[in-house]
Amino acid sequence: MWSGRSSFTSLVVGVFVVYVVHTCWVMYGIVYTRPCAGTSNCIQPYLARRPKLQLSVYTTTRSNLGAENNVDLVLNVEDFDVESKFERTVNVSVPKKTRNNGTLYAYIFLHHAGVLPWHDGKEVHLVSSLTTYMVPRPEEVSLLTGEPAAQVEAEQKPSSALDEPVSHWRPRLTLNVMVEDFVFDGSALPADVHRYMKMVQLGKTVHYLPILFIDQLSSRVKDLMVINRSTTELPLTVCYEKISLGRLRFWIHMQDAVYSLQQFGFSEKDADEVKGIFVDTNLYFLALTFLVAAFHLLFDFLAFKNDISFWKKKKSMIGTSTKAVLWRCFSTVVIFLFLLDEQTSLLVLVPAGVGAAIELWKVKKALKMTVVCRGLWPVFQFGTYSESERRTEQYDTEAMKYLSYLLYPLCVGGAIYSLLNIKYKSWYSWLINSFVNGVYAFGFLFMLPQLFVNYKMKSVAHLPWKAFTYKAFNTFIDDVFAFIITMPTSHRLACFRDDVVFLVYLYQRWLYPVDKSRVNEFGESYEEKPRRKSHAD
């Protein structure tokens, strides 16, 4: 009979496997489309007839374009070749309505050459907003001189410090046309592509006109420009690239997912975090990233479960570095405050906040802290330590003394460097950034006191090895991606230095073996309850 814990873990692993298999099947269904096998009910591509096409881009303040009035032609590409990639930058006149927080739309027409799009019955067109509403990013200043940061251009700054959303300009418009001569089955037409298709009857055969697509994922928050009331012209870069059917369907689904996030209340910045996952990554590498991220999530869950279970049963701090626990709590809270100050996506912020709460709970357990309400004010009470626990604290203090000789100069030097050379929005931002840089750069050093305590006590029975193992798997996954993805050497060293410490932990476990058949030397069982004696024993 399975125990409750093993049954729950097996259930989670089983659900994870089903989820991964189902996701792979769905992804296969997206990138693969069954072509028309027969001769009837087939929809032929109009591009196979090799028509002479023209690309025209108009701008207007109206969301519904009924005629050719009140539009401004900004780009006209005659003899448009769907196979040829191009990128052109044009200046777009900004109407007064748009400068007053109005919206400006771009109408993209693909029509026959030499014919106006309004007079072409076989034209296809899409509309895209060239503006969006966002709260302007706060101006960064040097904390010593008070001068504005050099990277914030004067013409992009709002006239006053605004806390309300204002119009921002999207300087990039990315267009795609599906160029495959693919014959669709009219009885099994994919719904995602169907809404982008326009069909015409030519003789006895149904043809679908060129499928035009606007890549909204390429529009990033970092590229947006604030529209001032004095702005009369703004640059617009129109990029074109052909696209395959599989990639087109995948991109449609991803844009729908981002749009759904915004409908659920996620901000433009939150959606931009998701966009970066798809835009900055190759499709095949993205699929690999999904699988690795899924296993990363599984290992995170198992590490989280075993860590909580270990600390829930833990009654004594013998052999455990209290200062290492305090540091993990401090570093986790600092990283959470940093993400909060940077207005990071909720997808990252919420797990960081939960992790910080758990580390605070572990500090409460480590310090044997209890909260007693006396009147209106809470009173914190701390439990007493046994003789063995006090000996552990002595070893911990000795390790921190040696570590401080290296740590304090590095932290102070890093804080002074950031104050002199880096721009921040406020003193609070500088303080949080200094702390978080210290955490990222020197945080691994606080794993060393636990190694020193293990060495002094000649035991590792007090460590949550299951949680350690799952965390190590995640670290190795990060290491592999550090080599696959182009990263600075310093970042790669940061990935591998934790592995070195973990290998020392493994060496100590080999050096100080644990007898799992008995209760350990600290009066606790080794991660599992000791076997009860039966009447036969």
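Residues numbered from 1 in each chain as written. Predicted model: local features only at pLDDT ≥ 70, side-chain atom pairs only at ≥ 80, totals over all residues. Heavy atoms only, no water.

Participant: Account for the overall build of the protein chain, with residues named and values stated.
Facilitator: Across its full length, the protein chain carries 13 helices and 17 strands. Scored against the burial criterion, the 537 residues of the protein chain give a buried share of 42%. By sequence separation, contacts in the protein chain at least 24 residues apart represent 77% of the contacts at least 6 residues apart. (Helix = DSSP H or I, 4+ residues; strand = E, 2+ residues; numbered from the N terminus. Buried < 20%, exposed > 50% of the residue type's maximum accessible area, 1.4 Å probe, protein only. Contact = heavy atoms within 4.5 Å.)

Participant: How would you explain the sheet that holds strand β12 (residues 205-208) if you had to name every residue and give the values?
Facilitator: Neighbouring strands of a sheet are bound in pairs by backbone hydrogen bonds; such pairs are parallel or else antiparallel. An order of β10-β1-β12-β11 is seen for the four strands of this open sheet, with the pairing classed as mixed. Of all the strands in the sheet, the pair left with one neighbour each is β10 (184-185) and β11 (199-202). In terms of strand pairing, strand β1 (residues 42-45) meets β12 through three bridges, oriented parallel. Residue pairing for β12: Pro 45 is matched across the bridge by Tyr 208. (Pairing = 2+ DSSP bridges.)

Participant: Now, about the sheet that holds strand β14 (residues 225-226): what can you tell me, with residues and values included?
Facilitator: What the three strands build is an open sheet, ordered β7-β8-β14; its pairing is antiparallel. Since the sheet does not close on itself, it has two edges, and those belong to β7 (131-134) and β14, each with one partner. Where β7 meets strand β8 (residues 166-169), four bridges bridge the pair, whose relative direction is antiparallel. In the strand pairing of β8, Thr 131 is matched with Trp 169.

Participant: I'd love a proper account of the pairing of β12, names of residues and values included.
Facilitator: Relative to β12, β11 runs antiparallel, the two being bridged by four bridges. Residue pairing in the sheet places Met 199 in a bridge with Tyr 208 of β12. Once β11 ends, the chain turns through two residues before running back antiparallel as β12, passing Gly 203 with a positive phi of about 70 degrees.

Participant: Any details on the side chain of Arg 99? Residues and values, ideally.
Facilitator: With respect to the secondary-structure elements, Arg 99 resides in helix α2 (residues 96-99). Although buried, Arg 99 forms no salt bridge, and the nearest oppositely charged side chain, Glu 233, lies 10.0 Å from it. Within the structure, the side chain of Arg 99 is placed 2.7 Å from the backbone oxygen of Val 94, a separation counted as a polar contact. The residues touching Arg 99, leaving out its near neighbours within four places in the chain, are Val 94, Ile 227, Asn 228, Arg 229, Thr 231 and Thr 232. (Lys, Arg positive; Asp, Glu negative; His and termini not counted. Salt bridge = Lys/Arg side-chain N within 4 Å of Asp/Glu carboxyl O. Polar contact = N/O pair within 3.5 Å; in protein donor to acceptor, adjacent residues only side chain to side chain.)

Participant: Account for the state of the cysteines, with residues named and values stated.
Facilitator: Enumeration according to the criterion identifies one disulfide in this entry. The residue that forms a disulfide with Cys 36 is Cys 42, at a sulfur-sulfur distance of 1.8 Å. Torsion about the S-S bond of the Cys 36 and Cys 42 cystine: about -65 degrees, corresponding to left-handed handedness. Look at Cys 36 and you get buried, because its relative accessible area is 15%. The class of Cys 42 is buried, set by a relative accessible area of 11%. (Disulfide = S-S within 2.5 Å.)

Participant: Give a detailed account of empty space enclosed by the protein, specifying residues and quantitative values.
Facilitator: Taken as a whole and assessed by the stated rule, the structure comprises three cavities of 30 Å³ or more. The computed volume of the largest cavity comes to approximately 80 Å³. Residue lining of the largest cavity: Ser 128, Ser 129, Leu 130, Arg 170, Arg 172, Leu 173, Thr 174, Ile 214, Asp 215, Gln 216, Ser 218 and Ser 219, and that is the complete set. Among the elements that make up the lining of the largest cavity, the one with the highest residue count is strand β9 (residues 172-178) (three residues). The class makeup of the residues in the lining of the largest cavity is three nonpolar, six polar and three charged. (1 Å grid on protein atoms, 1.4 Å probe; cavity = no way out; pocket = protein on both sides within 12 Å on 5 of 7 lines; lining within 4 Å. Points joined across faces, edges and corners; volume = space filled by probe spheres on them. Nonpolar A, V, L, I, M, F, W, Y, C, P; charged D, E, K, R; others polar.)

Participant: Residues and numbers for the pattern of salt bridges, please.
Facilitator: On inspection of all chains with the given rule, the structure shows nine salt bridges. Here Lys 242 and Glu 83 are joined by a salt bridge, their closest N and O atoms 3.0 Å apart. You can see Lys 242 sitting in strand β15 (residues 233-243) and its partner Glu 83 sitting in the loop between β3 (72-80) and β4 (86-93), a full 159 residues away along the chain. Since its relative accessible area comes to 43%, Lys 242 is described here as partly exposed. Here Glu 123 makes a salt bridge to Lys 198, at a shortest N to O gap of 3.8 Å. A residue pair is termed long-range when its members are at least 10 positions apart, and Glu 123 in the loop between β5 (105-112) and β6 (124-129) and Lys 198 in the loop between α3 (191-194) and β11 qualify at 75 residues. Using a relative accessible area of 10% as the deciding quantity, one classes Glu 123 as buried. Owing to a relative accessible area of 33%, Lys 198 belongs among the partly exposed residues under this scheme.

Participant: Which residues make up the environment of Ala 37, and what values do they have?
Facilitator: Relative to the assigned elements, Ala 37 resides in the loop between α1 (4-31) and β1. The spatial distance from the C-alpha of Ala 37 to the C-alpha of Val 183 is 8.9 Å, given a sequence separation of 146 residues.

Participant: Could you give an account of the confidence of the model for the protein chain, with specific residues and numbers?
Facilitator: On average, residues of the protein chain score 76 in pLDDT, and 73% of them reach the 70 mark or higher. Strand β13 (residues 212-214) holds the highest mean pLDDT among the elements of the protein chain, 94, whereas helix α12 (residues 465-484) holds the lowest, 65. When the criterion is pLDDT under 50, residues 148-162 qualifies, and its contacts beyond four places in sequence or with other chains add up to 20 contacts. Scored below 50 in pLDDT, residues 486-491 makes four contacts in the model with residues more than four places away or belonging to other chains. (pLDDT = per-residue confidence, 0-100.)

Participant: Explain helix α4 (residues 245-263) to me, using residue names and the numbers behind them.
Facilitator: If you check α4, its first and last C-alpha atoms are 27 Å apart, about what 19 residues at 1.5 Å a residue would give, namely 27 Å. Every buried residue of α4 is accounted for by Leu 245, Gly 246, Leu 248, Arg 249, Phe 250, Trp 251, Ile 252, Met 254, Gln 255 and Val 258. Of the residues trailing α4, Gly 265 is marked for its positive phi of about 105 degrees. (Expected span 1.5 Å × (residues − 1).)

Participant: Could you give an account of the packing of aromatic side chains, naming the residues involved and the relevant values?
Facilitator: Evaluation of the coordinates by the stated rule reveals 13 aromatic pairs. Over the face of the ring belonging to Phe 86 we find Arg 88, whose NZ or CZ atom lies 5.2 Å from the ring centre. (Phe/Tyr/Trp six-rings, centres within 6.5 Å; stacked < 30°, edge-to-face > 60°. Lys NZ or Arg CZ within 6 Å of the ring centre and 35° of its normal.)

Participant: A description of the nonpolar core should follow, citing residues and the corresponding values.
Facilitator: Of all hydrophobic cores here, the largest spans 35 residues; its most connected members are Phe 80, Ile 108 and Trp 169. Beyond its immediate stretch of four places on either side in the chain, Trp 169 contacts Val 92, Leu 104, Leu 130, Thr 131, Asp 223, Leu 224, Met 225, Ile 227, Leu 234, Pro 235 and Leu 236. (Core = buried A, V, L, I, M, F, W, Y, C linked by side-chain atoms within 4.5 Å.)

Participant: Residues and numbers for a nonpolar patch on the surface, please.
Facilitator: A surface patch of nonpolar side chains, about 550 Å² in accessible area, is lined by Trp 25, Val 26, Tyr 28, Val 31 and Tyr 32. Along the polypeptide, Val 31 turns up in helix α1. (Patch = residues over 30% accessible without salt bridge, like charges linked within 9 Å, V, L, I, M, F, W, Y side chains within 5 Å. Areas by Shrake-Rupley, 256 points an atom, 1.4 Å probe, with all protein chains shown as cover.)

Participant: A description of the side chain of Asn 176 should follow, citing residues and the corresponding values.
Facilitator: Tracing the backbone shows Asn 176 in strand β9. Excluding residues within four positions of it along the chain, Asn 176 makes contact with Ile 211, Leu 212, Phe 213, Asp 215, Tyr 240, Glu 241, Lys 242 and Ile 243.

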